[in-house]
Every structure is written in structure tokens, then in C-alpha cells.
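Commentary on secondary and tertiary structure
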There are 2 protein chains.
Amino acid sequence: MKQLVLARRASQIKVELTQRVRKPYKEVIDVSWGDPHKAGVKPLSFVRQVIAACLYPQLLNSDRLPVDVRQRAQSLLKGCDGGSVGSYTATRGISEIVHRVSEFITRRDGGAPSYPENIFISPGSQWALRNILNVLVNSEASHRTGVLTPMPCYSVSLMSIRGLGAVTVPYNLREEQGWELQVEELHRALESAKGVCDPVALYVINPGNPAGYVQSRKSIQEVIQFVSEKRLFLLADEVYQDCVHGENSEFVSYKRVLAEMGPPLSDTVELASFHSASKGFLGECGLRGGYVELVNLDPAVKKYIYKLFSTDACAPVLGQFALDLMMKPPQPGDPSYPLYSVETQHIRTALVHNVKRVLEVVNNLPGFCCQPVKGAFVFPRLHLPPKAIQKAKEMGMQPDAFYCIRLLEEASVIVSPGCDYGQKEGTHHIRFHIMTPEDTMEEVLRRLSSFHTQFMKDFS
Amino acid sequence: MKQLVLARRASQIKVELTQRVRKPYKEVIDVSWGDPHKAGVKPLSFVRQVIAACLYPQLLNSDRLPVDVRQRAQSLLKGCDGGSVGSYTATRGISEIVHRVSEFITRRDGGAPSYPENIFISPGSQWALRNILNVLVNSEASHRTGVLTPMPCYSVSLMSIRGLGAVTVPYNLREEQGWELQVEELHRALESAKGVCDPVALYVINPGNPAGYVQSRKSIQEVIQFVSEKRLFLLADEVYQDCVHGENSEFVSYKRVLAEMGPPLSDTVELASFHSASKGFLGECGLRGGYVELVNLDPAVKKYIYKLFSTDACAPVLGQFALDLMMKPPQPGDPSYPLYSVETQHIRTALVHNVKRVLEVVNNLPGFCCQPVKGAFVFPRLHLPPKAIQKAKEMGMQPDAFYCIRLLEEASVIVSPGCDYGQKEGTHHIRFHIMTPEDTMEEVLRRLSSFHTQFMKDFS
């Protein structure tokens, strides 16, 4: 809930800025969320044109929209009852879109088959995660249900797991090895749960959040072997799969690796894998569209999951459309392709530029140390002077939360503190999102550098 | 889950129709959902124009959209971070929209104040209901938590309550008195829970679903008195508040009646009231926007509810916009007003026409008997011949589900069976939605009459 304090103070500062309270900066920059549009990234024209035309079909009669936009909108509307995006859809999502998702997965995974009946579209991936957790958590057992979670870990997932009455069992990622997931550590964590709870699942985030790593195929194989031996359900949060960059890094899905490992593993390991239209190049967080693919689940369990999903009728139709457009963007030769290509290339270039500059700048600041980054977030370690730690203690705050509040107050930049995600005792971090326009990231780095230098001086 | 069987068979029939399997009707008509657009009602132009312009702001530069549409879109976009509907919003919803909701409630309730900090926008009302139930259900107590629920009751709410591990304690609505809620029956139901569960809340649906009644102010006062005496939390599902018609019927909210009853009741009774952009004239089910207003809740409880909402980041932005537009539609003098007025009047006229015709036709069919209807659904009682009941038994089906399947097979009309909602032992009903275009309802009635006459003959 640290973010809440930050968010509240940020709102106050925004109001103060309109009231002309004197501040060093005119504008608050918020890179604390995995939310590209909030940070200034522009939506893709193709996506917005198609969805706007579906909402207001009179636009289909105008030749101001490219012909492939109009065709796509017409085809999407055919999947809606009454031809309106205002109708409920089937519980698992519009059938044509569910098929599109499974085709995308099959293509992405080099032909490892994906079946539409295993896919559930949801209003965002967290929502789907909670429904799956709901099936795994046994609230009537004498021992509480445990879920192995990475440390550091996306804080909302921790809240979801604990909110359902389960216990999170942290396994440490090795910061010094680029936040590597090591199997010995999974064994240690599982052992540590003995007598405390009954672990039933392992939760992984790849590409990493908050720490921006990307797992290798070998690492994924080891994890799959581990869950198979220990009979754990595998929850793979893969929502940042489109934000991978840098040499020698490639996203490979858990589903693909599992399929390639062959029987008996590929027929037995129970896997739920999550993806979303909120991240990647679309960045359409506000439309709320995600999905989960279930692998090797018992049909009776899937039936129960269906029932859970059905209590919310369906995911937002326009979020479903966003997924569809993400799964099948314009292709070379389509009228919308050139613009689409320019826009996505622009985002990609910014991402590559940003990660390079962030590492350059942050690693040159005394007291900061950042591992190589291959995903959408950076999570540099912050070596704070003892006086700063003492001051935070006096104020009843975690040291990195204190740092973030000061950064907001003095530089109008919002990042989030490592304490929100869990971190090795005695270490401190900050997390920020690097999927922003280049000039935004440059401004963040300028403000951070100048703030940090002063901060270190003040507390030296 | 009866609806699932129907829905599946309906999909098959739709496929058979495209394959030219000979059927008596060319088109399936589905009036089993509270979904106006699915049944052919047209979306409101103003709503769609504003939201399309927010999605694709290039439309703001065109004078093809009325000036008030463009102004409204610009003002809504100001509430979005980065000026994009693709950004996450605050957990409780965009602040300006939350304020708009509270202004709407205050106006609707004759000035009884509503406070923005008590309002949470959600992706639909059921979603909000489940979050509130989550706080009320104690899964660790020795007795299971109980919730008093009407019989008949909207089936998804029953699923939500039971899905959280609580027990539903039915109180009967008196069909012969127009589905009246009688306080003696609440006492009886509460008494019946003794030794079975620990009732903590009373759930009411007004206007009624499935039974289309509208509660009087006096009836609401009695309910409030009852929950106050018995220290029950009051859950008021009021999503059909805009679908009230007929003489001597007026929707009065629980919130208003509670405020008008004055202290100590108005300061102590804990109330959660639900509303949605899915029903009423907008009928935007697919955009997923609803809200809950909380009254007299302890701040610590509200904080916990905030945390539950925050695990899903936020409601879909365009669903939030739909709520905003519902709360403040075009006013006389605005450029969009004339069209808006024609479109809503058209829906209203159809509703009044449909209810009159449904009662005329259904009450003239032998074996049918329908109470006066003031809301969006009719729930006529069906006196089935013993041979039909016997046949249903042989097929392992509830008699009214058997009737519905036959209606679908032979007349391509989908309605839902009373057994989905709970009904007095030995009685049978069907439910259907009457917010449809006039010609659709006429066609439904034509097919129903001819099917029913044959059905009664076949089983006489």
C-alpha cells in the first residue's frame, strides 16, 4: 500500500501545481505503473480506428478510415449478438476471438497446438489469476494453502494470493546473477513451508516484474521439472512477453517449453499461462482485456473454472477486441500496415534507447547498481547512506519508500519502492517502467540524477 | 446452469440454420438475458459518438459530430492520464465520474446527500456485489455465513453468494400479491436459519429480477426496519431502476427511503446499493460499467473494500464513460438532445407497448398466468399438464426447463426456466426480457402462442 501514499501525494502535488505553488518542475511524471499510455506512449492508430468504428458503425460508411480497418470492424461486429458491442458475449469470450487467441499461441510456440476450449478471456490477467487461484486454495483444509512466489514479486499478485486466504512462500531471485531463478532456491523455499502451509502451486513471472529479467529456455525446463517432481500447479504470468529487447534475449513461453519436453511431462504438468492487451505495444490497460490458457487440467476442474468466470457474465467487449487486434495486427500489403509499422517501430526504438540510457545513467550514479535489463522494468539496487536510513526510521517509513517520497516531492517523479515487492533483508530498490517516449525517459533521468546527487549529499 | 444447456443448443440451432437444416423459423430470438442490444434495441447515438471520439480523438477535428459530443469527449479525456482511455484509472474510478455518480444519486433521491468517497465504480454490478460479499462472509467461523435471498432470485447472485462459501436463506415473494415482499416471511426465513448458518445480510432486488415487480416506499420502509432490528447488512440490487413503467409505479431507492426515515436508522443501517450502465436505456452490457454506493460503513471496512477493488486495478475506462453519460445525458437545448430524446422515447414506447401486449397474450393462453409487470422482466406461471411433467421427469429435466428446450427447438425462441431462479415447490415459470423492439416482441408472442397451443394439445 506504499503506492497509495505516493499516489495520494502525487494528486496533491498536481493540485498544488495548478494553484501555482512554487515547484521545481511543472509536471509530475509517473513511471511507477506498467502503463505505457500514462507515461505518454501513443495508442496505435489501427487499434483505435477499428474499435471506434465498432462502437459507432456510421464510421464504416466514411472513406476516411482505411478499408482494412472497416473490414476488420465489420468482421468483429459479426461476432456480437445484435451486431452491437453493447451485448454480453459468451463467458469465455467471443468465439472468433478465442479461436484467434489459440491461433496466435500456436504460431508463437512454433506449432505446439493450443485449443480454443482451454482459453478464457477475462477483464485483465489479474482477474483470471484470481479465478484460477480460487480453485487451488482450499479454505477448509487444516493447513493453509501455500503458493511459491518470487521475491521480488509484482505486489498485486501477492495481494491476490493472500486475499484468498493462501500463504505466499517466497523464493529469492539471485540479483547478482541478473535475477536468476535457481532451482536449489525453489527446493529451499518448499522445504521452508513444511509445517507452515501446504504448497500447491508455483507462481513465476517471465519477463520479470519488478526486475525486468527474461528466463532462458534452460531455466524454464528446470522449473517445469521441479513442479512435475513436486506435483505443483504452475502459474506463469507472461504479460510482458512483447517487451523483450537486447541481445541474447528472447521470450520463450512456458507452454512451448513444456510441449517441447514431450511426454510424460507435456501430458501431466498443469499449467495456467496469462497474457494481456495492457502491456506490449498496444498498452491498452484501460480497455481491460486479458486471457488465461489452461494446459492439462481435468475437465471437471475446467467446468468449475467456467462457472467462476460466468458469475461476471463476460470480459469487456472492447477489451476482447483489443486482444483480437493484438493477436492479428495488420500484415505487409494491408493499407494500415505502413502506419502500424512506423508506430510500433517508434515504440521499439524508444524502448531500446531507454534501456541503454537508463543503465548508463543509473549505473553511473554513486549508490545505484542495476542488473542488465531485458524486459519492461528496471529495478536498480539503491545503497542508501546510514543517515538516510536513520531518517526514514524516524519517520516510520521503509528507507526506499522514504527515497521515493522525496523524489516525488523534489523532482515530481513517481517510481515505486522495492519494499512494495519484497526484497532481500537490508537491500533497497526502486522500480520504474521504461516503456515511455524517449524524451520522457530523458527527463526522468535528468531529474533523478540531479535529485539523487543532492540526496546523497544531504545524507552523507 | 440450465441456461448453459439452452445456450449450447441455441448455438447448434444457429449453425443448423446456416446449414439450411429445415426449421420452422429463420432466426433464433433470444430474450433470456437482461440484454437489450442482444434483443435488437439500438444503442443511443450520443453515447456511442462520445465514446468513439474518446477512443479515436482525430474524430474531434471533424464537424460530423455534434459540438456537445465533442465537448463531452474532450472533458472526459481530461480525466484520463496521458489523455488516453488506454491508461489505468484510480481504483474507485475516474474522480470526475465518481463525482458525477454522486451528483446523480443526490438528484435522484430528492437531495438526500451522496458522497463520492462512498462510491466504487466496477466492471458491472455483480463484480461489486462479490467484493462486498467477500467482506461479509466469514469463512473461518464455526457456523457458515448466511444471506437472506428472495425466491425467486436472479440466479447469478445466488451463484456469487454460494461461490464465496455462504449459505442462501430463501424468503418467498408472494406471487398472488404481485410478488410482494412480506416482512413476516423475512422473520420466518431468519428463524429457519437457526442452527444452519449465521445470517449477516439481506439481499433485495428492486425492481425485481426475475419477477418484474417494483417495491412500494412502505415495503422498503418495512425492510429497513427489519434489517435494523436484526442487525443485518442490506444489499440492494437496483440495476433495473430505469425500466419502471405502468401506472402507480415509481422506483424509489433504498438509499432515499433510509435517508427519509431519519436518525437513528439513517445513521446506522449499513447499506450497499448497486447500479449499472448495462440496463435501462443505455443497455451497454458489453462495456461493463457499474457502481456500488456504501452507506454507514465503518471506515476500516471501506479501506478493506478499497483493497479488494484495487487488486483489479480499475473498471474498464469506456464502461466508466458509459456510466458518466448515463448519469448526465444531453439536456434540452443541447445539439444532441433532439435525437437523444427521440431514441429514448422510442425505447420507452416499445417497453410500454410490450408489457401491455405480453400480459394480453400470455394471460389469454390456457395454462399461463402472469402477475402485473412493472419492470423489465415477465415471469408468468405455467400450469403444465401432468403428461408434460411426466415426460420431463423421464428425460431427467425440470418441467419448465423441458418446456423451454421445446420452445427453442420448435419456435427458435430462448426464454429461461423458473427452476433457474428458485420457485415454490410444484410451481413452474418462464422468464423473459421485454426491453426489445416492438416487432421483436410481437414475433416472440406469435411464436410462443402457436408453440404453446400445440404443446398443450400434445400433452393433454
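Sequence positions are assigned chain by chain, starting from 1 and proceeding in written order. Think of it this way: whatever chain is written first is A, whatever ligand is written first is 1, and the rest follow in order. Totals for whole chains, interfaces and linings use every residue, but because this is a predicted model, local features are given only for residues with pLDDT of at least 70 and side-chain atom pairs only at 80 or more, for both listing and counting. Side-chain descriptors were evaluated using all non-hydrogen atoms of the structure, hydrogens and water having been removed beforehand.

- For chain A, an unreviewed UniProt entry supplies the name alanine transaminase and the organism Perca fluviatilis.
- UniProt positions are given in the numbering used here, feature names are shortened, and annotations may be inferred rather than shown by experiment. UniProt annotates chain A under Cofactor (unreviewed entry) with the comment "pyridoxal 5'-phosphate".
- In its Catalytic activity (unreviewed entry) section, the UniProt record describing chain A reads: "L-alanine + 2-oxoglutarate = pyruvate + L-glutamate".

Remarks on the overall build of chain A
- For chain A, the count of helices and strands is 16 helices and 14 strands.
- Restricting the calculation to C-alpha atoms gives the radius of gyration, and the globule rule supplies 2.2 Å times the number of residues raised to the power 0.38. For chain A, the C-alpha radius of gyration of 23 Å lies close to 23 Å, the compact-globule estimate for 460 residues.
- Each principal axis of the C-alpha atoms in chain A carries an extent, and together these give about 65 × 60 × 40 Å.
- Burial classes: relative accessible area under 20% of the type maximum marks a residue as buried, over 50% as exposed, and values in between as partly exposed (1.4 Å probe, protein chains only). Burial statistics for chain A: of 460 residues in total, 61% are counted as buried.
- Whether two residues touch is decided by their heavy atoms; if any such pair falls within 4.5 Å, the residues are in contact. A separation of at least 24 residues holds for 72% of the contacts in chain A among residues at least 6 apart in sequence.
- When charges are tallied, Lys and Arg are placed among the positive residues and Asp and Glu among the negative ones, while His and the ends of the chain are skipped. Lys charges are placed at NZ, Arg charges at CZ, Asp charges at CG and Glu charges at CD. Within chain A, the 48 negative side-chain charges are centred at a point lying 5 Å from the centre of the 51 positive side-chain charges. Strands here mean DSSP runs of E at least two residues long; helices mean DSSP runs of H or I at least four residues long; both are numbered from the N terminus.

Details of the state of the cysteines
- We call a pair of cysteine sulfur atoms a disulfide when they lie within 2.5 Å. Taken as a whole and judged by the stated rule, the model has zero disulfides over all chains.
- No disulfide involves cysteine 54 of chain B; its nearest neighbouring cysteine sulfur is the one of cysteine 80 of chain B, lying 7.0 Å away.
- Using a relative accessible area of 1% as the deciding quantity, one classes cysteine 54 of chain B as buried.
- Cysteine 314 of chain A provides the cysteine sulfur closest to cysteine 285 of chain B, a residue in no disulfide bond, and the two sulfurs are 8.1 Å apart.
- Overall, cysteine 285 of chain B belongs to the buried group, its relative accessible area being 0%.

Describing the interface of chain B and chain A
- The interface of chain B with chain A comprises 54 residues on the first partner and 54 residues on the second.
- By buried area we mean how much accessible surface two parts lose on assembly, using a 1.4 Å probe and totalling the loss over both. For the pair chain B and chain A, the summed buried surface comes to about 4600 Å²; carbon and sulfur atoms form 57% of the total.
- Whenever Lys or Arg places a side-chain nitrogen within 4 Å of a carboxyl oxygen from Asp or Glu, that contact is recorded as a salt bridge. Along the contact surface separating chain B from chain A lie four salt bridges.
- Two residues, aspartate 312 of chain A and arginine 130 of chain B, come together in a salt bridge whose shortest N-O distance is 2.4 Å.
- Polar contacts, as counted here, are pairs of nitrogen or oxygen atoms within 3.5 Å of one another; within protein the pair requires one atom able to donate a hydrogen and one able to accept it, and residues that are adjacent in sequence qualify only if both atoms are side-chain atoms. Remark: the boundary between chain B and chain A carries 30 residue pairs in polar contact (both at pLDDT 80 or more).

Notes on the sheet that holds strand E13 (residues 416–417) of chain B
Residues and elements named next belong to chain B.
- Taken in spatial order, the three strands make up an open sheet running E10-E14-E13, and their pairing is antiparallel. Two strands lie at the open edges of the sheet, namely strand E10 (377–378) and E13, each paired on one side alone.
- Alignment of E10 against strand E14 (residues 430–433), held across two bridges, turns out to be antiparallel. Opposite phenylalanine 377, over in E14, you have histidine 433 as the bridge partner. A pair of strands is treated as paired once DSSP finds two or more bridges between them.

Overview of the side chain of glutamine 241 of chain A
All names here are of chain A.
- Positionally, glutamine 241 belongs in the loop between strand E6 (233–237) and helix H9 (254–261).
- Within the local environment of glutamine 241, its side chain forms a polar contact with the backbone oxygen of glutamate 238, the two atoms lying 2.9 Å apart.
- Not counting residues within four places of it along the chain, the set of residues in contact with glutamine 241 comprises Phe104, Arg108, Pro207, Phe251 and His275.

A short note on the environment of glutamate 229 of chain B
Residues and elements named next belong to chain B.
- For glutamate 229, the position within the fold is in helix H8 (residues 217–230).
- With a relative accessible area of 52%, glutamate 229 lands in the exposed category.
- For the pair glutamate 229 and proline 24, spaced 205 residues apart in sequence, the C-alpha separation works out to 57 Å.

A word on the domain arrangement of chain A
All names here are of chain A.
- How far each domain reaches was decided by an automatic or database domain assignment. Under the domain assignment, chain A is made up of domain 1 (2–30 + 340–458) and domain 2 (81–327).
- The C-alpha centroid of domain 2 is placed 28 Å from the C-alpha centroid of domain 1.
- In this assembly, 25 residues from domain 1 lie in contact with 25 residues from domain 2.
- For the pairing of domain 1 and domain 2, the buried interface totals around 2100 Å² over both sides, and the portion due to carbon and sulfur atoms is 61%.
- For domain 1, the biggest contributors to the area lost against domain 2 are Gln371, Lys374 and Tyr421; these three give 30% of the whole.
- Inspection of the domain 1/domain 2 interface yields zero salt bridges.
- Remark: the boundary between domain 1 and domain 2 carries nine residue pairs in polar contact (both at pLDDT 80 or more).

Section: the relation of the copies chain B and chain A
- Once chain B has been moved 0.0 Å along the axis and rotated by 180 degrees, it coincides with chain A to within an RMSD of 0.0 Å. Here the transformation between the copies is reduced to the relation of a two-fold axis. No C-alpha of chain B lies nearer the rotation axis than that of alanine 52 of chain B, which sits 2.3 Å from it.
- Taken together, the interface assignments show that 100% of the residues at the interface of chain B recur at the interface of chain A, consistent with an identical surface on both copies. Only residues with pLDDT of at least 70 in both copies contribute their C-alpha atoms to the least-squares superposition of the copies.

Side note on the packing of aromatic side chains
- Ring geometry is summarised as follows: Phe, Tyr and Trp rings, the Trp one being its six-membered ring, pair when their centres sit within 6.5 Å, and such pairs are stacked at plane angles under 30 degrees, edge-to-face over 60 and tilted between the two. The tally for this structure, following the rule as stated, stands at 26 aromatic pairs over all chains.
- Taken together, a centroid distance of 6.1 Å and an interplanar angle of 55 degrees make the contact between phenylalanine 402 of chain A and phenylalanine 455 of chain A tilted. With a gap of 53 residues between them, phenylalanine 402 of chain A in helix H15 (residues 399–411) and phenylalanine 455 of chain A in helix H16 (residues 438–458) connect regions that are remote in the sequence.
- Assessed through its relative accessible area of 1%, phenylalanine 455 of chain A is described here as buried.
- Consider the rings of tyrosine 240 of chain B and phenylalanine 377 of chain B, whose centres lie 5.2 Å apart with planes at 70 degrees: the pair is edge-to-face. Highlighted residues: tyrosine 240 of chain B in the loop between strand E6 (233–237) and helix H9 (254–261) and phenylalanine 377 of chain B in strand E10, separated in sequence by 137 residues. Just as tyrosine 240 of chain B is buried, phenylalanine 377 of chain B falls in that class too.
- Chaining the aromatic ring pairs together yields one cluster made of Phe368, Phe402, Tyr403, Phe451, Phe455 and Phe459 of chain A.
- Consider the ring centre and the ring normal. A charge sits over the ring if Lys NZ or Arg CZ is within 6 Å of that centre and within 35 degrees of that normal. Positioned above the aromatic ring of phenylalanine 120 of chain A is the side chain of arginine 92 of chain A, whose terminal nitrogen or guanidinium carbon lies 5.6 Å from the ring centre.
- Looking at arginine 431 of chain A, its charged tip hangs above the ring of phenylalanine 377 of chain A, at a distance of 3.9 Å from the centre.

A closer look at the pattern of salt bridges
Residue and element names in this part refer to chain A.
- The tally for this structure, following the rule as stated, stands at 38 salt bridges over all chains.
- The partner of aspartate 109 in a salt bridge is arginine 108, and the shortest N-O contact between them spans 2.8 Å. Pair check on accessibility: aspartate 109 and arginine 108 agree, each one buried.
- Shared partners join several salt bridges into a network, and the residues in it are Lys356, Arg357, Glu360 and Glu442.

Things to note about the pairing of strand E8 (residues 290–295) of chain B
Residues and elements named next belong to chain B.
- Most of E8 sits inside the fold, with six of its six residues counted as buried.
- The alternating pattern of E8 places Gly290, Val292 and Leu294 on one face and Tyr291, Glu293 and Val295 on the opposite face, and all of these are buried.
- When strand E2 (residues 119–122) meets E8, the two strands line up antiparallel, connected through four bridges. Residue pairing across strands places isoleucine 119 opposite glutamate 293, the latter belonging to E8.
- When strand E7 (residues 271–276) meets E8, the two strands line up antiparallel, connected through six bridges. If you follow histidine 275 over to E8, its bridge partner there is tyrosine 291.

Things to note about the environment of leucine 407 of chain B
Residues and elements named next belong to chain B.
- Its place among the elements puts leucine 407 in helix H15 (residues 399–411).
- Placed 40 residues apart in sequence, leucine 407 and arginine 447 show a C-alpha to C-alpha distance of 8.6 Å.
- For leucine 407, the residues in contact, after removing those within four places along its chain, are Ser412, Val413, Val415, Leu448 and Phe451.

A word on the nonpolar core
- Within the largest apolar cluster, 184 residues are counted, with the highest numbers of intra-cluster contacts made by Val85, Phe321 and Phe432 of chain A together with Val85, Phe321 and Phe432 of chain B.
- Excluding residues that lie within four positions of it along the chain, phenylalanine 321 of chain B makes contacts with Ile51, Cys54, Leu76, Cys80, Val85, Ile94 and Ile97 of chain B.
- Counting residues in hydrophobic clusters, the runner-up holds 119 residues, among them Leu186, Leu235 and Leu271 of chain A together with Leu129 of chain B. Put simply, a nonpolar core is a bunch of buried Ala, Val, Leu, Ile, Met, Phe, Trp, Tyr and Cys residues held in one set by side-chain atoms that sit within 4.5 Å of each other.

Some points on the pairing of strand E7 (residues 271–276) of chain A
- Among the six residues in E7 of chain A, six count as buried, and that is most of the element.
- Of the two faces of E7 of chain A, both are covered, the one formed by Leu271, Ser273 and His275 of chain A as well as the one formed by Ala272, Phe274 and Ser276 of chain A.

Here we look at the confidence of the model for chain A
- As a per-residue measure, pLDDT tells how confident the predictor is, with possible values from 0 to 100. Across chain A, the average pLDDT comes to 94, with 99% of residues at 70 or higher.
- Among the scores for the predicted complex, ipTM is 0.94 and pTM is 0.95.

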